[in-house]
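Notes for the structure review
Below are the chains, spelled out letter by letter.
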Amino acid sequence: QVQLVESGGGLVQAGGSLRLSCAASGRLFSITSMGWYRQAPGKQRELVARISGYGNTVYTDSVKDRFTISMGNAKTTVYLQMNSLKPEDTAVYFCNAAVIRGSDAWGQGTQVTVSS
C-alpha cells in the first residue's frame, strides 16, 4: 500500500501563490505516476495536474501557465506550485498516486481558499 500526506493549503488573496506538497510512503516502487485533483463544493472531483516517473506532465486547461507540478529528487514527493490564484481555484486539493496492480492511493485533502 501507498500512503499520501498533503500539506501547504490555506487562505490567500486572488493573485497570490501557494505551494502544495505531498509525501508518499509505503510501497513506493509500485507508483507509476502522481497527481493533484481538486473538488469544489457541489462539484465533481477533477484532475488538476499529473506527472509521470519520467517527468511527463499533464495539466487541465484552466491552470495551464499558472500551476506547475514537479517531483522531488527521490520521486517520493510531488509539489504543486500555484501562482496567480483565482477565486475559482477554491477547492479541497487531493494528492493521488497511480500504482501497479492495485487501487489508486489518495491523500486526505488540503483546503485551498482564494478570496476576491
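Right above here is the structure, for reference.
**So, the side chain of R38**
Tracing the sequence through the fold places R38 in strand β4 (residues 31-39). For R38, a relative accessible area of 6% puts it in the buried group. Within the local environment of R38, its side chain forms a polar contact with the side chain of S62, the two groups lying 3.3 Å apart. Side-chain polar atoms of R38 contact the side chain of D89, separated by 3.0 Å. Every residue in contact with R38, bar those within four places of it in the chain, is listed here: Q44, R45, E46, V48, S62, V63, F67, D89, A91, V92 and Y93.

**Describing the packing of aromatic side chains**
Within this structure, the stated rule accounts for 1 aromatic pair. Here Y37 and W106 contribute two aromatic rings whose centre-to-centre distance is 5.1 Å and whose plane-to-plane angle is 65°, an arrangement assigned as edge-to-face. Taken together, the positions of Y37 in strand β4 and W106 in strand β10 (residues 105-106) put the pair 69 residues apart, joining distant regions of the chain. According to the relative accessible area criterion, Y37 is buried, its value standing at 18%. Positioned above the aromatic ring of Y79 is the side chain of R19, whose terminal nitrogen or guanidinium carbon lies 4.0 Å from the ring centre. Between R45 and the ring centre of F94, over which it is positioned, the NZ or CZ distance is 3.7 Å.

**Quick look at the environment of G16**
In this fold, G16 is placed in the loop between β2 (10-13) and β3 (18-26). Residues G16 and M82, spaced 66 residues apart in sequence, show a C-alpha to C-alpha distance of 8.3 Å. With residues up to four places along the chain from it excluded, the contact list for G16 reads M82, N83, S84 and L85.

Cut-off values and rules
Residues numbered from 1 in each chain as written. Predicted model: local features only at pLDDT ≥ 70, side-chain atom pairs only at ≥ 80, totals over all residues. Heavy atoms only, no water. Helix = DSSP H or I, 4+ residues; strand = E, 2+ residues; numbered from the N terminus. Buried < 20%, exposed > 50% of the residue type's maximum accessible area, 1.4 Å probe, protein only. Polar contact = N/O pair within 3.5 Å; in protein donor to acceptor, adjacent residues only side chain to side chain. Contact = heavy atoms within 4.5 Å. Phe/Tyr/Trp six-rings, centres within 6.5 Å; stacked < 30°, edge-to-face > 60°. Lys NZ or Arg CZ within 6 Å of the ring centre and 35° of its normal.

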